[in-house]
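Single-letter residue listing:
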Amino acid sequence: MASRVAALTNTSTFLGQNLVALLDQSERGRKVSAIADQPPAHAGARTEHRPIDLTQPAAGPELTELLKSEGVDTLVHLGIESPTHATAWAHEVEVIGTM
């Protein structure tokens, strides 16, 4: 059976860090690609930090390459942030980041 790989975005948030920790500690042996500006605090041996800034134009090709090269079978976009006054930034992460 091929190894399973999950890619998670925005893993420096509370939700992202906890989901990374759960997947990394799971007995199912899933590899985790953590996509965020900072590495998740609770990353273990099966987690690899991928510093891709989803608000940048080059993020699309970078993300596509990561998904292909790692054989990602599950992508979880955790781009939702707490309410913010930076509406342009929030739009890039929450809307454009899901496309």
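Residues numbered from 1 in each chain as written. Predicted model: local features only at pLDDT ≥ 70, side-chain atom pairs only at ≥ 80, totals over all residues. Heavy atoms only, no water.

**Q** Mind showing me how you'd approach the environment of Gly29 here?
**A** Summarising the element assignment, Gly29 is placed in the loop between helix 1 (14-25) and strand 2 (31-35). Note: C-alpha distance between Gly29 and Arg4 (25 residues apart in sequence) is 7.7 Å. (Helix = DSSP H or I, 4+ residues; strand = E, 2+ residues; numbered from the N terminus.)

**Q** Looking at this structure, I do not really get the pairing of strand 1 (residues 5-9). What am I missing?
**A** The side chains of a regular strand alternate between both faces of the sheet. Burial within strand 1 is extensive, with five of its five residues counted as buried. Burial along strand 1 is two-sided: the residues Val5, Ala7 and Thr9 and Ala6 and Leu8 are all buried. Inspection of the sheet shows strand 1 paired to strand 2 by five bridges, in the parallel sense. What sits directly across from Val5, in strand 2, is Lys31. Each parallel crossover has a hand, and for strand 1 linked through helix 1 to strand 2 it is right-handed. (Buried < 20%, exposed > 50% of the residue type's maximum accessible area, 1.4 Å probe, protein only. Pairing = 2+ DSSP bridges. Right-handed = clockwise from strand over helix to strand, strands pointing away.)

**Q** Can you help me understand the nonpolar core in this one?
**A** Burial of nonpolar side chains together is a common tendency in soluble globular proteins. Of all hydrophobic cores here, the largest spans nine residues; its members are Val5, Ala7, Ile35, Ile52, Leu54, Ala59, Leu63, Leu66 and Val72. Put simply, the parts of the chain that give this core at least two residues each are strand 1 and helix 2 (59-70). The residues contacting Ala59, other than those within four sequence positions of it, are Ile52, Asp53 and Leu54. By size, the runner-up hydrophobic cluster in this structure holds six residues, among which are Leu8, Val20, Ala34 and Leu78. (Core = buried A, V, L, I, M, F, W, Y, C linked by side-chain atoms within 4.5 Å. Contact = heavy atoms within 4.5 Å.)

**Q** Looking at this structure, I do not really get the side chain of Arg30. What am I missing?
**A** Along the chain, Arg30 falls in the loop between helix 1 and strand 2. Assessed through its relative accessible area of 14%, Arg30 is described here as buried. Ignoring sequence-local partners within four residues, the contact set of Arg30 consists of Arg4, Val5, Ala6, Leu23, Arg46, Asp73 and Thr74.

**Q** Help me understand unusual backbone geometry in this model?
**A** The bulk of non-glycine residues show a negative phi, and the bulk of peptide bonds are trans. Positive phi values are uncommon outside glycine, yet Asn10 reaches one of about 60 degrees. Within the secondary structure layout, Asn10 lies in the loop between strand 1 and helix 1. A residue is classified by how much of its surface remains accessible, and Asn10, at 14% relative accessible area, is buried.

**Q** How should I be thinking about helix 2 in this particular structure?
**A** Working note: α-helix, 3.6 residues per turn, so residues spaced by three or four point in the same direction. Look at helix 2: 16 Å from first C-alpha to last across 12 residues, which is about the 16 Å you get at 1.5 Å a residue. Regarding helix 2, the residues found buried are Ala59, Leu63, Leu66 and Glu70. For helix 2, the arc enclosing every buried residue in end-on projection is 60 degrees, short of the 170-degree limit, so these residues lie on one face. Exposed side chains of helix 2 directed beyond 90 degrees from the buried face belong to Pro61 and Lys68. Contacts from the buried residues of helix 2 go to strand 1, strand 2 and strand 3 (47-50). Phi turns positive one or two residues past the end of helix 2, at Gly71, with a value near 65 degrees. (Expected span 1.5 Å × (residues − 1). Arc of directions from axis to C-beta.)

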